[in-house]
Amino acid sequence: MSKFQPITFYSKEPGNVSEQYQLLPFRFTRFEDSSYVATNIAGEYTILDHSTLQAFVNHKLTATDPAYITLRAKHFLSDSHSQMGPDLLAIKVRTRHERLAHWTGLHIFVLTLRCEHSCPYCQVSRQSEDKDAFDMSLQHAERGIALALESPNLNIKIEFQGGESFLSFDMMKFIVETATVLNAKLPQPKNLSFVAATNLAVITEEMLDFCAAYNIDISTSLDGPRDLHNKNRPRPGKDSYERTIAGIDLVRKRLGRDKVNALMTTTLASLPLVREIVDEYLTQGFKGIFFRPLSPYGFAIKTKFFRAYNAEQWLKFYDDGLDYIIELNRYGVDFREYYAATILTKMLTSQDPGYVDLMSPAGIGLGAVIYNYDGAVYASDEARMLAEMGDMTFKLGTVEDSFETLFTNDVFLMALEESFAYSSPQCNDCAFEPWCGADPVFHWGQQQDFSGKKWESEFCHRNMHIFKGLVSRMETDPFVKNLFMRWANGC
Amino acid sequence: MAQFTLEFDAKGYSLLAVQKACHRYSDQASFEITQTSETSPIQIIVFLRLAGSEETLAQNLRIEVLDQQMREVVRVETAGVRNLILAHAFSRTGLIREDGQPPEILI
């Protein structure tokens, strides 16, 4: 028997124009005036005009219509030519959600709340440098390590945060050394890695030697050019920028060029300076930037920094910055915007990059868990920021609790269930749901609602705008489509 | 409070589609939805938050109800295959039991 279909199978003659087809699960959302973005259950998308969408849903689309071929290729329909469609879709869905079965991989230790910076937008409600009461104890650190190693995930990343994490360097050393020893004793040792979030202002050669010995990555803050950075990030000596740049240089020389990444935070003063901020990142030899708005937590709320600009202003900043980065790439400069790249990975591949804010079920607890300096355990970094403001909703328990007790916390499970975008009102119908996430901490903080009223949600508004902007740029410019494909695949 | 009324034929539109369309525009108005029997028209009274936007909102609501009705057609028609795909996708994760019940322990 031939392994190949007869030639008539591939015919586009009128004989099989009225092909019977079955719809596969998909969603659609209005895109431009008369067109829609449609996504299948695995997040692949296509653009359809209204009449094509209507014909498709009503089984009136003919097999010779170009849209039919696309819809079949992207698993929006199955017919006699594509009986494998549902199986392939299932494999893609499985790949996209494979993180769920692995459980929590990122374990964040808040070593201290002390910090020598006094940034008015700080989301961590820092304490002054001399208050030892805000440091993690050995006992709490030991319990945190035990919990981290108890996670079923074979890839465990321990991240150190503050305050300024290197102000508690002895504790960092203790956790790294203890976790490494205990991990080696496990029947099946995990792939253990470390990252330290730091402003680099107090980093020393001794600290760098230790980071080199244990392969610790460095994540720092760089808000832009000198004046902007120093304005945003005041410290004694008014030299935050100089110390950060010197620190980046030291880390690269001692640990390697790719061992340091930087994050920026957008303040009101940043808004007119997006090109200068990108240029600063280029000057410092970074391969990309993550445009990050202010988060509504901690000092950013107390000092009213969070409300200094609105969503529309930030989105204009984002659009201008993204367009500038695209222009740089047209001139051969290899540089990317990491938030766009994260979304594009979800749009254009079957992978989920595991970015906590864009996960559904929500990434809280499942994607990351926080061991606070005082022994409290929170479902996310934002959850502990909310707790510093007096709202303990997302406190899972303490490090003295068992792993099972922490992760079967009733409020935590309720937040996951109620915010699950797949069944959340409006998200359930939204074509962008496979690319988006549930952010119950943000919505609880803003609206006292785990799911959030989407018509009032800044999270929804911001992400919808970015999703549409990415699709629009790809659909109108082949260069951008090619560029975005590379960003999506990490090339 | 400015208000207006819209009616949808129950032969062409489901109550759920109308409810979802109204929910979509909750930022602009509140709604009272009534249907006296399964075959009688679905009536919505629209209470506007801001007067003067009646015409635009009425037009948008009609379009949205049509979209929601199409979504319902897709959802109903693909329910079986969607469940099959999801069951297959999660079959080896331990998140779904063979009898279709959720696992006893969530971790």
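A few points on the structure. As the structure is a prediction and not an experimental result, all values here were calculated from the model.

Right, let's talk about the overall build of chain A for a bit. Within chain A one finds 19 helices and 15 strands. C-alpha extents for chain A along the principal axes are approximately 80 × 50 × 45 Å. Across the 491 residues that make up chain A, the buried fraction comes to 57%. The long-range fraction of contacts in chain A, counting pairs at least 24 apart against all pairs at least 6 apart in sequence, stands at 71%. Entry remark: accessible area of chain A is about 20,400 Å², with carbon and sulfur atoms responsible for 53%. Considering chain A, the positive charge centre built from 49 side chains and the negative charge centre built from 62 side chains are found 3 Å apart.

The next thing to look at is the interface of chain A and chain B. Facing the 35 residues of chain A at the interface are 29 residues of chain B. The shortest N-O distance in the salt bridge between Asp429 of chain A and Arg75 of chain B comes to 3.0 Å. At the junction of chain A and chain B, the tally comes to 9 residue pairs in polar contact (both at pLDDT 80 or more). Elements represented by at least two residues in the side of chain A that touches chain B include exactly β1 (22-23), β2 (26-30), α1 (50-57), α3 (85-96), α4 (98-102) and α15 (403-407) of chain A. For the side of chain A that touches chain B, the element with the most residues is α3 of chain A, which contributes 6 residues. Counted by class, the side of chain A that touches chain B contains 22 nonpolar, 8 polar and 5 charged residues.

Residue and element names in this part refer to chain A. Summarising the sheet, strand β3 (residues 35-40) and strand β4 (residues 45-49) pair through 5 bridges and their orientation is antiparallel. Bridge pairing in β4 places Ala38 opposite Thr46. Counted between consecutive antiparallel strands, the loop separating β3 from β4 contains 4 residues, among which Gly43 sits at a positive phi close to 95°.

Residue and element names in this part refer to chain A. Assignment of secondary structure puts Ala179 in helix α6 (residues 169-185). Taking relative accessible area as the criterion, Ala179 reaches 0% and is therefore assigned buried. Here the alpha-carbon distance between Ala179 and Ile158, two residues 21 residues apart in the chain, equals 9.2 Å. In this structure Ala179 touches Ile145, Leu149, Ile158, Leu192 and Phe194, once residues within four positions along its chain are discounted.

Moving on to the sheet that holds strand β1 (residues 3-8) of chain B. Residues and elements named next belong to chain B. With antiparallel pairing, 3 strands are arranged side by side in an open sheet as β1-β3-β2. Strands with a single pairing partner mark the edges of an open sheet, and in this sheet they are β1 and β2 (29-34). Strand after strand, the sheet turns through a mean of 20° between neighbouring axes, direction not considered. Two strands pair when backbone bridges link them, and β1 and strand β3 (residues 42-48) are joined in this way by 6 bridges, in the antiparallel orientation.

Definitions and limits used
- Residues numbered from 1 in each chain as written.
- Chains lettered and ligands numbered in written order.
- Predicted model: local features only at pLDDT ≥ 70, side-chain atom pairs only at ≥ 80, totals over all residues.
- Heavy atoms only, no water.
- Helix = DSSP H or I, 4+ residues; strand = E, 2+ residues; numbered from the N terminus.
- Buried < 20%, exposed > 50% of the residue type's maximum accessible area, 1.4 Å probe, protein only.
- Contact = heavy atoms within 4.5 Å.
- Areas by Shrake-Rupley, 256 points an atom, 1.4 Å probe, with all protein chains shown as cover.
- Lys, Arg positive; Asp, Glu negative; His and termini not counted.
- Charge placed at Lys NZ, Arg CZ, Asp CG, Glu CD.
- Salt bridge = Lys/Arg side-chain N within 4 Å of Asp/Glu carboxyl O.
- Polar contact = N/O pair within 3.5 Å; in protein donor to acceptor, adjacent residues only side chain to side chain.
- Nonpolar A, V, L, I, M, F, W, Y, C, P; charged D, E, K, R; others polar.
- Pairing = 2+ DSSP bridges.
- Axes fitted to C-alpha atoms, helices over the stretch in contact; angles between N-to-C directions.

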